[in-house]
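Okay, here's what each chain looks like letter by letter:
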Amino acid sequence: DTGVSQDPRHKITKRGQNVTFRCDPISEHNRLYWYRQTLGQGPEFLTYFQNEAQLEKSRLLSDRFSAERPKGSFSTLEIQRTEQGDSAMYLCASSLVTSSQETQYFGPGTRLLVL
Amino acid sequence: DAKTTQPPSMDCAEGRAANLPCNHSTISGNEYVYWYRQIHSQGPQYIIHGLKNNETNEMASLIITEDRKSSTLILPHATLRDTAVYYCIVRVGAGETSGSRLTFGEGTQLTVNP
């Protein structure tokens, strides 16, 4: 257990529905990342926050995806109008950035299945 | 970030050392080598990282060649619970926001056999 928690752990939804995932980072970690992982592939970066500011978004993050970190603590990732291609594991990671070092610690992931 | 090359799979006998290689011939002077592993259906687990010098912690040792073009992760006494996909990742230091993401390749599937 790294201290990063994600909720729910599993989600099954029908195509066209909206889903929201939550990530609680390690306390006082200032960076929070979202990644997506499909079967047989390594995780792919989606977006990250430093405190409450969203600093970078991948081209993978289509306009149906939105992420927030309103108070610089927990974060939510929402997918609107889900498609079957959104089926994947969604991973959250957090880190504490110092002058030169940063290590990302991952949560257990939320596994999404879109029917 | 520099690209890494790892063998797709390796086997190791339980109790023996597992040596996982990684090539990163295009690594830049400010890029670190990170190792993560992912046990089936879990999130990636941080193992170790280094810049130039060899590093050791309670999980593993990291040996980086002098020219920094390759590295080896060593699990000194592999157990069945070490069976996982191991990812070698190269990225810049924390102060450079453009390189914050981790870029995962396909990794090495290590299977520890009894």
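Scope of this entry: the structure provided in the associated data block. (Residues numbered from 1 in each chain as written. Chains lettered and ligands numbered in written order. Predicted model: local features only at pLDDT ≥ 70, side-chain atom pairs only at ≥ 80, totals over all residues. Heavy atoms only, no water.)

## Regarding the state of the cysteines
Piece 1. For the structure shown, the criterion picks out two disulfides over all chains.
Piece 2. Each sulfur of the disulfide joining Cys23(A) and Cys92(A) lies 1.8 Å from the other. In this structure, the disulfide formed by Cys23(A) and Cys92(A) twists by about -65° around the S-S bond and is classed as left-handed. Taken together, the residues Cys23(A) in strand 3 (residues 19-24) and Cys92(A) in strand 9 (residues 88-95) connect sequence positions 69 residues apart. Per residue, the accessibility class of Cys23(A) equals that of Cys92(A), and both read buried.
Piece 3. Two residues share a disulfide in this structure: Cys22(B) and Cys88(B), whose sulfurs sit 2.1 Å from each other. The S-S bond linking Cys22(B) to Cys88(B) shows a torsion near -80°; that makes this disulfide left-handed. Of this pair, Cys22(B) sits in strand 2 (residues 18-23) while Cys88(B) sits in strand 8 (residues 84-92), and the two are 66 residues apart along the sequence.
Piece 4. Looking at the unpaired Cys12(B), the closest cysteine sulfur is the one in Cys22(B), lying at 18 Å. (Disulfide = S-S within 2.5 Å. Helix = DSSP H or I, 4+ residues; strand = E, 2+ residues; numbered from the N terminus. Buried < 20%, exposed > 50% of the residue type's maximum accessible area, 1.4 Å probe, protein only.)

## A look at the interface of chain A and chain B
Piece 1. Each partner contributes to the interface: chain A provides 25 residues, whereas chain B provides 23 residues.
Piece 2. Here chain A packs against chain B, burying approximately 1,800 Å² in sum over the two surfaces, 46% of which is carbon and sulfur.
Piece 3. For the pair chain A and chain B, the interface holds two salt bridges.
Piece 4. The residue Glu56(A) makes a salt bridge to Arg101(B) at a minimum N-O spacing of 2.6 Å.
Piece 5. The interface formed by chain A and chain B includes 10 residue pairs in polar contact (both at pLDDT 80 or more).
Piece 6. For the side of chain A that touches chain B, the elements supplying multiple residues, two or more each, are strand 4 (31-37), strand 5 (44-50), strand 9 and strand 10 (105-106) of chain A. (Contact = heavy atoms within 4.5 Å. Buried area = accessible area lost by both parts, 1.4 Å probe. Salt bridge = Lys/Arg side-chain N within 4 Å of Asp/Glu carboxyl O. Polar contact = N/O pair within 3.5 Å; in protein donor to acceptor, adjacent residues only side chain to side chain.)

## Some points on the sheet that holds strand 8 (residues 75-79) of chain A
Residue and element names in this part refer to chain A.
Piece 1. Taking strand neighbours across the sheet as the criterion, the four strands line up as 1-3-8-7 in an open arrangement whose pairing is antiparallel. Every other strand in the sheet has two partners, leaving strand 1 (5-7) and strand 7 (65-68) as the edge strands with one partner each. Between one strand and the next, the sheet's axes are offset by a mean angle of 15°, whatever the strand orientation.
Piece 2. Where strand 3 and strand 8 come together, five bridges link them in antiparallel fashion. (Pairing = 2+ DSSP bridges. Axes fitted to C-alpha atoms, helices over the stretch in contact; angles between N-to-C directions.)

## So, the sheet that holds strand 8 of chain B
All names here are of chain B.
Piece 1. Strand order in the open sheet made by the five strands is 1-9-8-3-4, with mixed pairing throughout. Each edge of the open sheet is held by one strand with a lone partner, namely strand 1 (9-13) and strand 4 (45-50). Along the sheet, successive strands turn relative to each other by an average axial angle of 25°, direction set aside.
Piece 2. By the bridge criterion, three bridges tie strand 8 to strand 9 (residues 108-113) in an arrangement that is antiparallel. Bridging across to strand 9, tyrosine 86 finds its partner in threonine 108.

## With respect to the layout of surface pockets
Piece 1. Looking at the largest pocket, its volume works out to about 430 Å³.
Piece 2. Lining the largest pocket are 21 residues, and of these Gln37(A), Gly40(A), Gln38(B), His40(B) and Ser41(B) sit closest to its centre.
Piece 3. Of all the secondary structure elements, the ones that give two or more residues to the lining of the largest pocket are strand 9 of chain A together with strand 8 and strand 9 of chain B.
Piece 4. Broken down by element, the residue count for the lining of the largest pocket peaks at three residues, all from strand 8 of chain B. (1 Å grid on protein atoms, 1.4 Å probe; cavity = no way out; pocket = protein on both sides within 12 Å on 5 of 7 lines; lining within 4 Å. Points joined across faces, edges and corners; volume = space filled by probe spheres on them.)

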